[in-house]
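# Structural overview for review
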Amino acid sequence: MSETYDVAVVGAGPAGLAAAVTAAEQGLRVVLVDAGRQPGGQFWRHPDESVPSTDESRGQHQWRRFTGLRDRLRALESRGSVTRIAGHQVWFLEPVAGAGAYALHLTPTVASEKTPGVPALVTAVRLVLCPGGYDRQLPIPGWDLPGVMAAGGVQALLKGHRSLAGKRAVVAGTGPFLFPVAAGLAEAGAKVVAVCEAGSPAGWARTPGGAVAVPSKALEAFEYAAVFARHRIPLRTRTVITRISGADRVESVRLGRLDSGGRLTGLARADLEVDLVATGWGFTPSMELVTALGAATRVDVDQSLVAVVDAWQRTDVDRVWVAGEATGVGGALLAVAEGELAGFAVGRDAGRPVPDGGTRRLQRVIRRGRAFARAMHRAHPIPAGWRDWLEPETTLCRCEEVTVGEVCAARDTLGATDARTVKLLARPGMGWCQGRVCGFAAAALAVPPGRDLTAADLAPMSRRTLAAPISLADLAGDDHG
Amino acid sequence: MTELDLTLDGRPISARPGQSVGAALTDAGVVAWRTTRRNGRPRGLFCGIGVCFDCLVTVDGVPNQRACLVTARDGMKLETGDE
Ligand SMILES: Cc1cc2nc3c(=O)[nH]c(=O)nc-3n(C[C@H](O)[C@H](O)[C@H](O)COP(=O)(O)OP(=O)(O)OC[C@H]3O[C@@H](n4cnc5c(N)ncnc54)[C@H](O)[C@@H]3O)c2cc1C
Ligand code: FES
């Protein structure tokens with residue numbers, strides 16, 4: 001077997017990049033594994049670097065932060081301090097008995113894009129997990145029609161491929177992320193007929209110090225306001241999509257109004273004609289690697305299951321740190337700060353002298369970022385009435401095509417009172433995506449109305465036997481590559 | 001930059017170098033290339049980042065590939081299906 005690294009970092013997004021370069025610059029041998037072919041994660045997704053381009057930074061924010069990290073990574077790679085394994089997913093993680101190390105089992109993200117020389121297994125003494133997350137979804141009648149996409153997916157097409165997912169778009173759901181998506185679409189030439197935000201701007205006013213505490217956020221908001229004005233994008237607050245219609249693709253949406261408590265109070269008289277619906281309700285952290293190791297989890301303010309970490313990003317599992325969205329959804333710059341701190345933390349664990357001032361500054365940035373994230377989540381909750389516009393025949397699980405009615409029947413007539421039982425009875429979350437898309441909604445539907453979600457409700461929907469789909473060859477012998 | 005030539009069920013589709021198959025199909029105005037097993041519903045891109053598996057497509061005879069992740073290559077043969 002090859003060498004055991006000092007640290008394995010999983011994920012090369014804002015958090016993982018910062019963790020990997022910081023750890024390596026302290027002299028640790030680092031292996032950095034990412035499912036994507038290029039570093040950057042979701043926030044800094046960009047076109048294929050092997051194709052010459054003059055506008056790599058188009059549509060990006062904080063791009064110099066990224067290129068700074070990428071330059072440091074490249075320098076460390078060429079010195080042999082970081083081994084970067086791109087285009088590979090960690091499908092299984094386990095402690096190596098008696099060796100004081102962890103084994104990471106790898107599989108190519110795309111079966112036909114194998115990189116020669118990449119081992120099927122790497123081992124490392126320490127783990128820094130930075131797996132990020134994905135858009136959180138709620139079912140809407142008609143949301144399985146082509147032309148309905150996750151807001152992040154629409155953004156990924158623009159940032160990574162310069163592709164425009166539609167010509168007449170509505171952007172809907174909740175959270176500040178709706179703004180860059182709408183702005184990106186408009187700048188790329190789409191007509192954005194409405195941005196529907198379920199929350200209301202008053203939400204921010206209730207949490208003093210939220211947005212203003214992070215100056216770069218205020219600046220970004222200012223930029224979006226300018227783009228919205230230039231393209232005449234209407235922002236409708238306390239507004240949701242209650243139905244998506246079309247024969248074999250999206251043709252129109254119906255909007256509904258919410259009261260201040262998030263309940264549906266009325267429907268718009270006319271439907272909006274669109275060919276693209278970009279929707280998302282914040283993000284769901286990827287928790288499969290964290291839960292596979294048995295690390296402690298908790299339910300965050302936004303009702304996401306997240307890892308419990310201490311002031312140094314350390315979990316309660318020996319030599320495992322977590323940074324970025326998996327410790328709580330909070331945006332890219334918070335992820336960078338957490339990654340950097342985790343990089344110092346592994347250095348400290350390995351006996352390297354760690355700059356006191358620098359780490360204290362990072363801890364302050366993180367505390368401020370967390371306070372901002374809490375204010376953001378409180379201002380953009382899942383509306384209390386999100387079940388109001390569902391119909392029994394609305395698809396809940398897109399993979400197995402399980403309907404809302406089937407899940408409610410498991411709860412009401414078969415007596416299931418928790419997500420695990422509902423999953424066994426009605427089988428939502430048992431298809432290809434293993435509950436990544438419907439897991440949150442299925443867990444929320446499974447609990448009796450009015451009861452808050454607990455970690456025990458969310459855990460069954462975020463635990464996965466395998467963190468990624470793999471071939472039988474991988475399962476059988478681990479000897480590809 | 002020269003375009004790449006692919007086919008979807010024999011129909012020509014072009015792609016820019018570095019684009020994913022899913023992005024190329026999107027640019028060609030194709031929004032669905034798979035039908036579901038239970039209800040025969042059309043599906044294409046949804047999450048755009050490899051999470052949802054809605055976008056499965058057969059690439060050069062290999063079924064169940066995520067179109068949003070596969071990089072377009074010249075001469076690639078894509079087939080719709082009912083995974
Ligand atoms: C599709 C999408 C688009 C987004 N776009 C924006 C945007 O434009 N603006 C904005 O402000 N915020 C955006 N966000 C929010 C954004 O995710 C965060 O702000 C930021 O990227 C978080 O950084 P991170 O390092 O925690 O995670 P990420 O950036 O998500 O990086 C995590 C990385 O880990 C990899 N990974 C996960 N699991 C494994 C595994 N098992 N094996 C190998 N690799 C793995 C992933 O492929 C990914 O590259 C987006 C989110 C999504 C889901
Ligand atoms: S669009 Fe979700 S996996 Fe490809």
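Relevant structure appears above.
Note that the structure is predicted; figures quoted are calculated from it, not measured.

### Overview of the nonpolar core
Of all hydrophobic cores here, the largest spans 90 residues; its most connected members are Leu129(A) and Ile244(A). With 7 residues, the single largest contributor to this core is helix H12 (residues 439–446) of chain A. Apart from the residues lying within four places of it in its own chain, the contact partners of Leu129(A) are Val10(A), Leu93(A), Leu289(A), Val290(A), Leu293(A), Val320(A), Trp321(A), Val322(A) and Ala323(A). In terms of nonpolar packing, the next biggest core, distinct from the first, is built from 42 residues, Leu276(A), Leu4(B), Leu6(B) and Leu25(B) among them.

### Describing the packing of aromatic side chains
One pass over the full model with this rule turns up 8 aromatic pairs over all chains. With 4.8 Å between their ring centres and 40° between their planes, Trp63(A) and Phe66(A) make a pair best called tilted. Here Phe66(A) and Trp63(A) lie together in helix H2 (residues 63–78), a separation of 3 residues that amounts to about one turn. Take Trp63(A) and Phe66(A): they sit in the same class, and that class is buried. Ring geometry for Trp432(A) versus Phe53(B): centroids 5.3 Å apart, planes at 20°, classification stacked. With Trp432(A) in the loop between helix H11 (419–426) and H12 and Phe53(B) in the loop between strand S4 (42–43) and strand S5 (56–59), the pair connects residues from two separate chains. Over the ring of Phe43(A) we find Lys159(A), and its NZ or CZ is 5.1 Å from the ring centre.

### Observations regarding the sheet that holds strand S6 (residues 62–66) of chain B
Residues and elements named next belong to chain B. The strand order S2-S1-S7-S5-S6 describes an open sheet built from 5 strands, whose pairing is mixed. Two strands close off the open sheet at either side, each with one partner strand: strand S2 (11–15) and S6. Direction aside, the axes of adjacent strands within the sheet are offset by 40° on average. Two elements, S5 and S6, share 3 bridges in a ladder whose sense is antiparallel. Residue pairing for S6: Leu56 is matched across the bridge by Arg66.

### With respect to the sheet that holds strand S9 (residues 168–174) of chain A
All names here are of chain A. Reading across the sheet, the 5 strands line up as S8-S16-S9-S10-S11 and stay open at both edges, with parallel pairing between neighbours. Edge positions in the sheet fall to strand S8 (148–150) and strand S11 (235–237), since each has one partner strand and no second. Between one strand and the next, the sheet's axes are offset by a mean angle of 20°, whatever the strand orientation. Where strand S10 (residues 191–197) meets S11, 3 bridges bridge the pair, whose relative direction is parallel. From the neighbouring strand, Cys196 faces S11, where its bridge partner is Arg236. Packed onto the sheet, helix H3 (residues 151–161) meets S8 and strand S16 (276–281) and runs at close to 85° relative to S8. Strands in contact with helix H4 (residues 178–187) are S9, S10, S11 and S16; relative to S9, the strand with the most contacts, it is inclined by about 175°.

### A few points about unusual backbone geometry
Phi is positive for Arg427(A), close to 65°, though the residue is something other than glycine. Along the chain, the position of Arg427(A) falls in the loop between H11 and H12. Notably, Asn64(B) is not glycine yet its phi reads approximately 60°, a positive angle. By the secondary structure assignment, Asn64(B) is in strand S6. Exposure remark for Asn64(B): the relative accessible area of 27% places this residue in the partly exposed category.

### A short note on the interface of chain A and chain B
Listed by partner, the interface residues are 44 residues for chain A and 35 residues for chain B. Across the chain A to chain B interface the summed buried area is about 3300 Å²; carbon plus sulfur atoms make up 54%. On the chain A side of the interface with chain B, the three residues burying the most area are His161(A), Glu401(A) and Trp432(A), jointly 21% of the side's total. At the junction of chain A and chain B, the tally comes to 4 salt bridges. Notably, a salt bridge pairs Arg43(B) with Asp144(A), separated by 3.6 Å at the nearest N-O pair. If you list the elements that add at least two residues to the side of chain A that touches chain B, you get strand S7 (133–135), S8 and H3 of chain A.

### Comments concerning the site of ligand 1
In the neighbourhood of ligand 1, 31 residues make up the surrounding shell, with Ala15(A), Asp34(A), Val90(A), Gln155(A) and Lys159(A) lying closest. Those chains with residues close to ligand 1 are chains A and B. Within the contact set of ligand 1, an oxygen atom lies 3.2 Å away from a backbone nitrogen or oxygen of Pro14(A). Taking Glu325(A), its main chain carries an N or O atom lying 3.0 Å from an oxygen atom of ligand 1. Protein chains shield 92% of the accessible area of ligand 1, which is 980 Å² for the free molecule.

### Details of the pairing of strand S1 (residues 4–10) of chain A
All names here are of chain A. Of all the 7 residues making up S1, 5 are buried; the element is thus mostly covered by neighbouring parts of the structure. In the sheet, S1 pairs with strand S6 (residues 121–129) via 6 bridges, with the strands oriented parallel. Considered in S6, the bridge of Val9 is made with Val128. Where S1 lies against strand S2 (residues 30–33), 4 bridges are found, and the strand directions are parallel. Counterpart to Val7 in the pairing with S2 is Val30. In this fold, the crossover linking S1 to S2 by way of helix H1 (residues 14–25) has right-handed handedness.

Reading the values: the criteria
Residues numbered from 1 in each chain as written. Chains lettered and ligands numbered in written order. Predicted model: local features only at pLDDT ≥ 70, side-chain atom pairs only at ≥ 80, totals over all residues. Heavy atoms only, no water. Core = buried A, V, L, I, M, F, W, Y, C linked by side-chain atoms within 4.5 Å. Buried < 20%, exposed > 50% of the residue type's maximum accessible area, 1.4 Å probe, protein only. Helix = DSSP H or I, 4+ residues; strand = E, 2+ residues; numbered from the N terminus. Contact = heavy atoms within 4.5 Å. Phe/Tyr/Trp six-rings, centres within 6.5 Å; stacked < 30°, edge-to-face > 60°. Lys NZ or Arg CZ within 6 Å of the ring centre and 35° of its normal. Pairing = 2+ DSSP bridges. Axes fitted to C-alpha atoms, helices over the stretch in contact; angles between N-to-C directions. Buried area = accessible area lost by both parts, 1.4 Å probe. Salt bridge = Lys/Arg side-chain N within 4 Å of Asp/Glu carboxyl O. Near = heavy atom within 4 Å. Polar contact = N/O pair within 3.5 Å; in protein donor to acceptor, adjacent residues only side chain to side chain. Areas by Shrake-Rupley, 256 points an atom, 1.4 Å probe, with all protein chains shown as cover. Right-handed = clockwise from strand over helix to strand, strands pointing away.

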